[in-house]
Structure formats: C-alpha cells, structure tokens
Amino acid sequence: VYTLSVTNDGSANTENVRVMHKIPEGFEYISSDKGATYSAANRMLSWYVGTVNTGETAQARVTLEARALGAATHFIRATSEHGVVADANVTTQVE
C-alpha cells in the first residue's frame, strides 16, 4: 500500500489540484481510494484533489501487487491552477 500525499507549503490556498502516479512495470494495480481512477492503457493513476489550503495535506492510498523482482521507480506529479507542478519519484526494491 502506497500513500500519496500532497501538501500546500505555500502562502496561499490552491485549487484544481491533481495528482498522477505512473505505476511501473512489474506492479499490478489492485485498488485506490478517494475517487482515484486507473488507466491500464498507460498505467496511470489519476486523482482529483480539489482545493488544498495553506498548510494542509491531502492523502490517497493505492494498493499495488509486486509481480517482478528488481528495482521499480514510481513517478508522481502534482499540478494545480496557474501551472504549478511538483514532481517526485520513489524507487521500490522487490526481492
């Protein structure tokens, strides 16, 4: 289970926040919460967060199943109004 978190550490509230999680090869999507949707065609999980007020954190959980050994990198991008973008990645080592 992975928890996706997006925090507004700015000085103003932000609206139209969206989070995308590119699920790496070697992982199978099982489920997610908070209304997130998954596209198997491009292995992309999309979550519409909405408004995140200053100092707040929004979270969603996604359940994946590892299907292959080795390192797999998960790419995450959060976007909001006015073109603000934040990228992150997490590498999971499956043994």
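Above this note sits the structure.
Residues numbered from 1 in each chain as written. Predicted model: local features only at pLDDT ≥ 70, side-chain atom pairs only at ≥ 80, totals over all residues. Heavy atoms only, no water.

S.K.: Give me the sheet that holds strand S5 (residues 44-52): which residues, what numbers.
M.R.: Pairing between the strands of a sheet is mediated by backbone hydrogen bonds and can be parallel or antiparallel. Strand order in this open sheet of five strands is S4-S5-S2-S7-S8, and the pairing throughout is antiparallel. The sheet terminates laterally at strand S4 (37-39) and strand S8 (85-94), the two strands that pair on one side only. Each adjacent strand pair in this sheet contributes to an overall mean axis angle of 20°, direction not counted. The sheet contact formed by strand S7 (residues 70-79) and S8 spans ten bridges and is antiparallel. (Pairing = 2+ DSSP bridges. Helix = DSSP H or I, 4+ residues; strand = E, 2+ residues; numbered from the N terminus. Axes fitted to C-alpha atoms, helices over the stretch in contact; angles between N-to-C directions.)

S.K.: Could you give me a rundown of the packing of aromatic side chains, with the residues and numbers involved?
M.R.: Under the criterion given, the structure shown has two aromatic pairs. With 6.4 Å between their ring centres and 75° between their planes, Tyr2 and Phe27 make a pair best called edge-to-face. In this pair, Tyr2 is assigned in strand S1 (residues 2-7) and Phe27 in strand S3 (residues 27-32), connecting sequence segments 25 residues apart. Classification of Phe27 as buried rests on a relative accessible area of 7%. (Phe/Tyr/Trp six-rings, centres within 6.5 Å; stacked < 30°, edge-to-face > 60°. Buried < 20%, exposed > 50% of the residue type's maximum accessible area, 1.4 Å probe, protein only.)

S.K.: Kindly report on the pairing of strand S2 (residues 14-22), identifying the contributing residues and their values.
M.R.: Each regular strand displays side chains that alternate between the two surfaces of the sheet. For S2 and S5, the ladder comprises seven bridges, and the chain directions are antiparallel. Residue Val19 lies in a different strand from S5, and its bridge partner there is Trp47. When S2 meets S7, the two strands line up antiparallel, connected through five bridges. When the sheet's bridge partners are listed, Lys22 is paired in S7 with Phe75.

S.K.: Residue-level account of the nonpolar core, with values.
M.R.: With 19 residues, the main nonpolar core has Val6, Val19, Trp47 and Val49 as its most contacted residues. In this view, Trp47 contacts Leu4, Val6, Val17, Arg18, Val19, Lys34, Ala36, Ala58, Gln59 and Ala60; residues no more than four positions away in its chain are not counted. (Core = buried A, V, L, I, M, F, W, Y, C linked by side-chain atoms within 4.5 Å. Contact = heavy atoms within 4.5 Å.)

S.K.: Kindly report on unusual backbone geometry, identifying the contributing residues and their values.
M.R.: Despite not being glycine, Asn16 shows a phi value in the positive range, around 55°. Along the chain, Asn16 falls in strand S2. Judged by relative accessible area, which is 39%, Asn16 ranks as partly exposed. The residue Arg43 is not glycine, and still its phi comes out positive at about 60°. Looking at where Arg43 falls in the secondary structure, it is placed in the loop between S4 and S5. When its relative accessible area of 16% is taken as the criterion, Arg43 is described as buried.

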